[in-house]
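Structural characterization, general
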Amino acid sequence: MSRTALLALRLVGRLGPAALLLWAGLSKAFDRQESILAVDAYDLLPEAGVRLVAAVLPWVEIAVAFLLVAGLFVRFAGVTTAALGVMFIAAMGQAKARGLEIDCGCFGGGGPGQGVSWWDIVRDIPIVLFGVYLAVRPRGPWQLDNLFATTEADHEQDDGADRQAEQAGAPAGRG
């Protein structure tokens, strides 16, 4: 994979999940009652847990989205993105398996609905994959973390890893 393609992948890997998390968080953050209905519909938590998750989750999604857009603490944001994606997939998967007739509540709304669709579940798989990718390879273009690299060696190490990845597909003997 060319260096340009790799840099583009890293940028999409940050901005794609950031856009979805920001959309999801903002759509839930200002309608607490709908958020409570959405979380409660999954029938997984006691009432106190439902209220806590409904209050905190939208702001976590928004905060992680801002970290991803800014390129700050990218490894942490990647791990958190992957963890959120796994949590969402597990919650929707159990709702689908139990036949709960609920709206996924992913982008606001929630409560009774036609049931979680396979699309709702599959849509979060790239979020998990990008989160893992960012956790493993946090350095990329246009991010504030680059300003805080401790040494030039940090940048050279990332560049060297990029060159190795680029050459991995090359025939033996090429340098």
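Coordinates for the structure precede this section.
First things first, this report covers the structure right here in the doc. (Residues numbered from 1 in each chain as written. Predicted model: local features only at pLDDT ≥ 70, side-chain atom pairs only at ≥ 80, totals over all residues. Heavy atoms only, no water.)

1. So, helix 3 (residues 47-70)
Formally: Put simply, DSSP H or I for four residues or longer makes a helix, DSSP E for two residues or longer makes a strand, and each gets a number counted from the N terminus. Helix span, as expected, comes to 1.5 Å for every residue beyond the first. The term bend refers to the angle at a residue between two fitted axes, each drawn through seven residues, those ending there and those starting there. Burial classes follow relative accessibility: with a 1.4 Å probe on protein chains only, a residue under 20% of its type's maximum area counts as buried, one over 50% as exposed, and anything between as partly exposed.
Between the first and last C-alpha of helix 3 there are 35 Å, a value that for 24 residues agrees with the 34 Å anticipated at 1.5 Å per step. The largest bend in helix 3 comes to about 30°, at V56, with the proline P58 one to four residues further on. For helix 3, every residue scored as buried is listed here: G49, V50, A54, L57, P58, E61, I62, V64, A65, L67 and L68.

2. Side note on the state of the cysteines
Formally: Cysteine sulfur pairs qualify as disulfides if the two atoms are within 2.5 Å.
One pass over the structure, following the stated rule, counts one disulfide. Here C104 pairs with C106 through a disulfide, and the sulfurs are 2.4 Å apart.

3. Details of unusual backbone geometry
We note that F73 has phi near 50°; this positive angle belongs to a residue other than glycine. When you line up the elements, F73 lands in the loop between helix 3 and helix 4 (74-98). Although it is not a glycine, W142 sits at a positive phi angle of roughly 50°. By relative accessible area, W142 is classed as exposed at 69%.

4. Comments concerning the pattern of salt bridges
What counts here: Salt bridges, as used here, are contacts in which a Lys or Arg side-chain nitrogen is within 4 Å of a carboxyl oxygen on Asp or Glu.
For the coordinates displayed, the defined rule picks out five salt bridges. Here E61 makes a salt bridge to K28, at a shortest N to O gap of 3.1 Å. Of this pair, E61 sits in helix 3 while K28 sits in helix 1 (residues 3-29), and the two are 33 residues apart along the sequence. By relative accessible area, which is 1% here, E61 ends up buried. Relative accessible area serves as the criterion here: at 10%, K28 is assigned to the buried category. Of the charged contacts in the structure, one is a salt bridge between R98 and D43, with a shortest N-O distance of 3.0 Å. Taken together, the residues R98 in helix 4 and D43 in the loop between helix 2 (32-41) and helix 3 connect sequence positions 55 residues apart.

5. So, a nonpolar patch on the surface
So the rule is basically this: Grouping into patches uses exposed residues only, defined as over 30% relative accessible area, and leaves out salt-bridged ones; the cut-off is 9 Å for like charges and 5 Å for nonpolar side chains (Val, Leu, Ile, Met, Phe, Trp, Tyr). Reported accessibility uses the Shrake-Rupley method at a 1.4 Å probe radius. Residues are deemed covered only where the shown protein chains occlude them.
A contiguous nonpolar patch, built from W118, W119, V122, I125 and L129 and spanning about 590 Å² of accessible area, is present on the exposed surface. Among the elements of the structure, helix 5 (118-122) and helix 6 (125-136) are those that each provide at least two residues to the nonpolar patch. The greatest single-element share of the nonpolar patch, amounting to three residues, is contributed by helix 5. Relative to the assigned elements, V122 resides in helix 5. Using a relative accessible area of 42% as the deciding quantity, one classes V122 as partly exposed.

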